[in-house]
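Each chain is listed here by its residues.
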Amino acid sequence: MNAATAPAPAVETAAAVLRLSDVNTYYGAIHALRGIDLEVHRGEIVTLIGANGAGKTTTLRTISGLLHPRTGTVEFEGRDISHVAAHEVVRLGIGQAPEGRRIFSRLTVVENLLMGGFTRSAAENHEQVEHVYALFPRLRERAGQKGGTLSGGEQQMLAIGRALMGRPRVLLLDEPSLGLAPILVQQIFEIIGEINARGMTILLVEQNALQALSIAHRGYVLQTGHVVLTGSAHDLRENEMVRKAYLGES
Amino acid sequence: MTAPATSAEAPPARSLSGPAAQLAVQLALVAAVLAGAFAVLGPEQFINALTLGSIYALIAIGYTMVYGIIELINFAHGDVFMVGTFVSLALLGTLGFTAAVHDPLLLVVLLAGDFLVTMILLGVVGVVIERTAYRPLRTAPRLAPLITAIGVSFILQNLVQGVPPYFGYGPYATNAPQIFPTDAFLRVGGTNVPVLSLLILAVALGLMITLQLFVGRTRIGRSMRSTALDRDAAALMGVNINRTIAITFFIGSALAGAAGVTYGLQYGVTRFDLGFQAGLKAFTAAVLGGIGNTIGAALGGFIIGFIEVGAAAMGQARWGPAIVFGALVVVLVFRPAGLLGQQVGERA
């Protein structure tokens, strides 16, 4: 597992799997995303960092179709998905572990996983659930337990496992470390690195900028709906502004 | 959930809080209520109460399903039931049947056709109501769809009345053809049991069991349960939310349609305002049982049937509604989520 946590070299020349061009998204009258440009290439971990309310979650919701941009486009594998409904976006190959995990609390762990494979056949799910258990052995132990009775760390594993059940080609992770003990944060990030090492493209939203930049290839810094900075994870870690604002250094 | 996968992955020992055990506890409670009612009412009134309770239960399930999935108290639901009584009588009347049919084969065909057509038509009515009245208000403040539901209720009542004498049924009581002979009895252990009561009970139980299996075992059932638990999360899993909500309205309204058919057969009369009282009591049944829980709705329906019939049997029919709503108050004081309602927090 340790070897997998080192970032795999990103393929610099690959075409963007996911591309947001000048995206403007509104919540009613509130202009939440103000011209976001963003690219994710195949095999990368890209992280979005920024303060509360910067638009990180809104960006993910705009990609997954829970929200739609008023102007600008979201392209996935060359196809414009700006106005595709959320339940169709999943079928195209984008999986999401949403903010706050959003586990189906009254369904068991295995039922939650099967919901994740809602778009897949029973046979596919039977196979995929074993991959998820291999990644998160704890979920196998908890299979018959109600989702709401799991600990925070276990719920996060379930949220990621559930997203993987749909066999996405791009995985959107929203604050996977939120509310977890430091040791669990470490563990979750190791697993994210491992999933990426197996070829998964990941867009990671995090408040824990230090952790996120340590496993990501590239990053975007969001402020009040704008991308204010972008670059390799290494460059961002060295950046004066990032260090002051997000890494807690003075 | 797909049973094979679940059993393959679940640990061998099921805990007491498992879904199967939970279902067993709920069914045991239903059985206890039935046994208690039988002891108090005696066999004949017990049958009457079951018949009335079946009708309330079928309506209550629609309330509870719709509330479970979009948290709307669909005040028009009682009127959907009322429309069901009229669709059924119009259907039979058009075919020229106004009295009891004694040819068994014809009777079976007629009943099957009456239930099927009425349920499908009412299901469509439910979908149209959702599509035109509630869906545009999906993200509006809660009060807006609630008031709209009351408006839909008035619209349905007035559509049925029409503009007499040109079309519609007017504000009068209209006879519903009792095509099932009401003088057919089956002698069970010294009691004359009306065959019609058995039919109504069988239809109601059959529909409830089918619904339970449908929601519990099918893919559409899974999409309904997940949408009820967390709409956005369900959408992210690939569930088509709009379609799922429409299907829920179809099923709930179709069950109200079935209740309408049985009401006509049993009582032989209906009126445009039938849905108000019946809807209020069925809603009470849903809340009593635990809103959002279909078995609870059935339980609540039977309890209300027992109370009303019990009050009538003691010559106190006028107190029936008072006792029904009094029982609701008492239950809610001690179990705010209803008899079978979940008391736990929704979200993890």
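Here goes a summary of the coordinates provided. (Residues numbered from 1 in each chain as written. Chains lettered and ligands numbered in written order. Predicted model: local features only at pLDDT ≥ 70, side-chain atom pairs only at ≥ 80, totals over all residues. Heavy atoms only, no water.)

## Some points on the pattern of salt bridges
Moving on, step 1. On inspection of all chains with the given rule, the structure shows 20 salt bridges over all chains.
Moving on, step 2. Salt-bridge contacts for Arg61(A) lead to Asp232(B); the nearest nitrogen and oxygen are separated by 3.1 Å. Of this pair, Arg61(A) sits in helix 2 (residues 56-64) while Asp232(B) sits in helix 9 (residues 231-236), each in a different chain.
Moving on, step 3. By relative accessible area, which is 25% here, Asp232(B) ends up partly exposed.
Moving on, step 4. Taking the shortest distance from any N to any O, the salt bridge between Arg138(A) and Glu141(A) comes out at 3.8 Å. Of this pair, Arg138(A) and Glu141(A) both sit in helix 6 (residues 137-141), three residues apart, which is roughly one turn of that helix.
Moving on, step 5. Several salt bridges share partner residues, and in doing so they unite Arg61(A), Arg102(A), Asp230(B) and Asp232(B) into one network. (Salt bridge = Lys/Arg side-chain N within 4 Å of Asp/Glu carboxyl O. Helix = DSSP H or I, 4+ residues; strand = E, 2+ residues; numbered from the N terminus. Buried < 20%, exposed > 50% of the residue type's maximum accessible area, 1.4 Å probe, protein only.)

## What about the environment of Thr182(B)?
All names here are of chain B.
Moving on, step 1. When you line up the elements, threonine 182 lands in the loop between strand 1 (174-175) and strand 2 (185-188).
Moving on, step 2. Judged by relative accessible area, which is 45%, threonine 182 ranks as partly exposed.
Moving on, step 3. Taking the C-alpha atoms as reference points, threonine 182 and valine 195, separated by 13 residues in sequence, lie 7.8 Å from one another.
Moving on, step 4. Residues contacting threonine 182, with those up to four places away along its chain left out, are Leu196 and Leu265. (Contact = heavy atoms within 4.5 Å.)

## Focus: the interface of chain A and chain B
Moving on, step 1. Contacts between the two partners involve 31 residues from chain A and, on the opposite side, 29 residues from chain B.
Moving on, step 2. Summing both sides of the interface, chain A and chain B together bury roughly 3000 Å²; the carbon and sulfur share of this comes to 63%.
Moving on, step 3. Contact with chain B buries area across many residues of chain A, yet Phe104(A), Arg106(A) and Phe118(A) alone supply 24% of it, more than any other trio.
Moving on, step 4. Counting every contact that joins chain A to chain B gives three salt bridges.
Moving on, step 5. The interface formed by chain A and chain B contains five residue pairs in polar contact (both at pLDDT 80 or more).
Moving on, step 6. Secondary-structure elements contributing two or more residues to the side of chain A that touches chain B are helix 2, helix 3 (86-92), helix 4 (109-116), helix 5 (122-135) and helix 7 (152-165) of chain A.
Moving on, step 7. With five residues, the top contributor of residues to the side of chain A that touches chain B is helix 4 of chain A.
Moving on, step 8. Partitioning the side of chain A that touches chain B into residue classes produces 13 nonpolar, 10 polar and eight charged. (Buried area = accessible area lost by both parts, 1.4 Å probe. Polar contact = N/O pair within 3.5 Å; in protein donor to acceptor, adjacent residues only side chain to side chain. Nonpolar A, V, L, I, M, F, W, Y, C, P; charged D, E, K, R; others polar.)

## Observations regarding the sheet that holds strand 10 (residues 226-232) of chain A
Residues and elements named next belong to chain A.
Moving on, step 1. Spatial ordering of the open sheet is given by 6-7-8-3-9-10, a layout of six strands whose pairing is mixed. Either end of the sheet is taken by a strand with one partner, and the two such strands are strand 6 (94-97) and strand 10. For this sheet, the mean inter-axis angle between neighbouring strands, taken without regard to orientation, is 15°.
Moving on, step 2. Together, strand 6 and strand 7 (170-174) form the strand contacts of helix 7, whose direction differs from that of strand 6 by roughly 170°.
Moving on, step 3. Its contacts with the sheet place helix 8 (residues 182-197) against strand 3 (45-50), strand 7 and strand 8 (201-206), and it is angled at close to 155° to strand 8. (Pairing = 2+ DSSP bridges. Axes fitted to C-alpha atoms, helices over the stretch in contact; angles between N-to-C directions.)

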